[in-house]
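A look at the structure
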Amino acid sequence: MPADRPFTCSVFIGTSLDGFIAREDGDLAWLTSRGEAAGGDLGYQKFADGIDTVVMGRGTYESGLAFDTWPHEGKHVAVLSTTLPDGADPRITVHRDLDRLLRALAERGATSVYVDGGQVIRAFLRAGLIDEMTITTVPVLLGTGLPLFGPVGGDVPLTHRSTQVFGAGVVQSTYTVERATSP
Ligand SMILES: NC(=O)c1ccc[n+]([C@@H]2O[C@H](COP(=O)([O-])OP(=O)(O)OC[C@H]3O[C@@H](n4cnc5c(N)ncnc54)[C@H](OP(=O)(O)O)[C@@H]3O)[C@@H](O)[C@H]2O)c1
């Protein structure tokens, strides 16, 4: 647990080999079809069982509304957005910026946070808040789309923890983010 906040922050996300998490229009069939071909849930349920809070961007929240069932039952779900109205959805709380979100999570006793959505993951990386990332890469190049990574304010050194190869050429790697050490 980091000394400056009472919760850990983890990423669990699927990308194309060239680093996109969705097509420009939000399409995810290139990912879900290969995930299904790989078999099983690729460790998602085990990951989800270990978290109590989901933080996502408005983009990810709105794309999730298309699912038949709410995928985060039983978790506290916090959505970062400057535009969603407060009280837009009783299943979520809306936060206008990162600082206020972090304070609210600490106050409500969050211990293990799942950070989702490309822009939000990058904001957390820039702020030095990500502890662990599990990236599931599917074998396709999309060329364009919504990126997972981008400028994050400098190098982010990672330690490789594990890699698993699933069916259909799906490769999943877990990294921990090295903490900056005080001089
Ligand atoms: N491949 C996967 O495993 C995976 C996983 C998750 C999501 N996705 C896909 O990724 C897409 C969404 O990702 P994305 O990168 O476009 O967006 P995102 O990070 O989910 O959401 C971006 C929005 O979040 C809000 N936001 C971000 N940072 C903020 C901050 N610091 N303060 C306040 N608000 C902030 C802004 O909303 P406002 O404009 O309202 O201010 C921004 O437009 C969707 O298509 C989704 O289906 C894929």
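What counts and what doesn't
Residues numbered from 1 in each chain as written. Predicted model: local features only at pLDDT ≥ 70, side-chain atom pairs only at ≥ 80, totals over all residues. Heavy atoms only, no water. Helix = DSSP H or I, 4+ residues; strand = E, 2+ residues; numbered from the N terminus. Buried < 20%, exposed > 50% of the residue type's maximum accessible area, 1.4 Å probe, protein only. Pairing = 2+ DSSP bridges. Axes fitted to C-alpha atoms, helices over the stretch in contact; angles between N-to-C directions. Contact = heavy atoms within 4.5 Å. UniProt positions renumbered as here; feature names shortened; annotations may be inferred. Arc of directions from axis to C-beta. Near = heavy atom within 4 Å. Polar contact = N/O pair within 3.5 Å; in protein donor to acceptor, adjacent residues only side chain to side chain.

**Re unusual backbone geometry**
Unlike most non-glycine residues, Leu-42 shows phi in positive territory, near 55 degrees. Position of Leu-42 relative to the elements: it lies in the loop between α1 (29-38) and α2 (44-49). Taking the relative accessible area as the measure of exposure, Leu-42 reaches 13% and is therefore buried. The backbone of Ala-168 sits at a positive phi, close to 60 degrees, despite the residue not being glycine. Along the chain, the position of Ala-168 falls in the loop between β9 (158-165) and β10 (171-177). Residue Ala-168 is classed as partly exposed on the basis of its relative accessible area of 42%.

**So, the sheet that holds strand β3 (residues 53-57)**
On the basis of which strands lie adjacent, the open sheet formed by 8 strands has the order β5-β4-β3-β6-β1-β7-β10-β9 and mixed pairing. If you trace the sheet from one side to the other, it starts and ends with β5 (92-95) and β9, each paired once. Ignoring strand direction, the axes of neighbouring strands in this sheet form an average angle of 20 degrees. Bridge count between β9 and β10: 7 bridges; the pairing is antiparallel. Within β10, the position partnered with Gln-164 by the bridge is Gln-172. Across the sheet, helix α4 (residues 98-107) touches β3, β4 (76-80), β5 and β6 (112-116), and the angle it forms with β4 is around 165 degrees. Lying over the sheet, helix α5 (residues 118-126) contacts β1 (8-16), β3, β4, β6 and β7 (132-138), oriented at roughly 125 degrees with respect to β6.

**Comments concerning the UniProt feature "domain: Bacterial bifunctional deaminase-reductase C-terminal" (unreviewed entry) in the protein chain**
Under the UniProt annotation, the feature "domain: Bacterial bifunctional deaminase-reductase C-terminal" (unreviewed entry) is placed at residues 12-171. This span, residues 12-171, is 26% helix and 28% strand, and a straight line between its end C-alpha atoms measures 13 Å.

**Examining α1**
Within the span of α1, buried status applies to Trp-30, Leu-31, Gly-35 and Ala-38. Around the axis of α1, the buried residues are gathered within 125 degrees of arc, so they sit on the same side. For α1, exposure combined with an orientation more than 90 degrees from the buried face picks out Glu-36 and Ala-37. Residues of α1 that are buried sit in contact with β1, β2 (20-22) and β7. Looking at the residues trailing α1, positive phi occurs at Gly-39, about 90 degrees.

**Considering the side chain of Thr-174**
Turning to its location among the elements, Thr-174 is positioned in strand β10. With near-sequence residues (within four places) excluded, Thr-174 lies in contact with Glu-132, Met-133, Thr-134, Thr-159, His-160, Arg-161 and Ser-162.

**Concerning the site of the ligand**
Close to the ligand lie 24 residues; Arg-58, Thr-60, Ser-81, Thr-82 and Thr-83 are nearest. Contact between the ligand and Thr-82: an oxygen atom at 2.4 Å from a side-chain N or O atom of the residue. In the environment of the ligand, an oxygen atom lies 3.1 Å from a nitrogen or oxygen atom belonging to the backbone of Gly-118. Elements with a minimum of two residues in the shell around the ligand: β1, β2, α3 (58-64) and α5. Considering each element in turn, the shell around the ligand owes the most residues, 4 residues, to α3.

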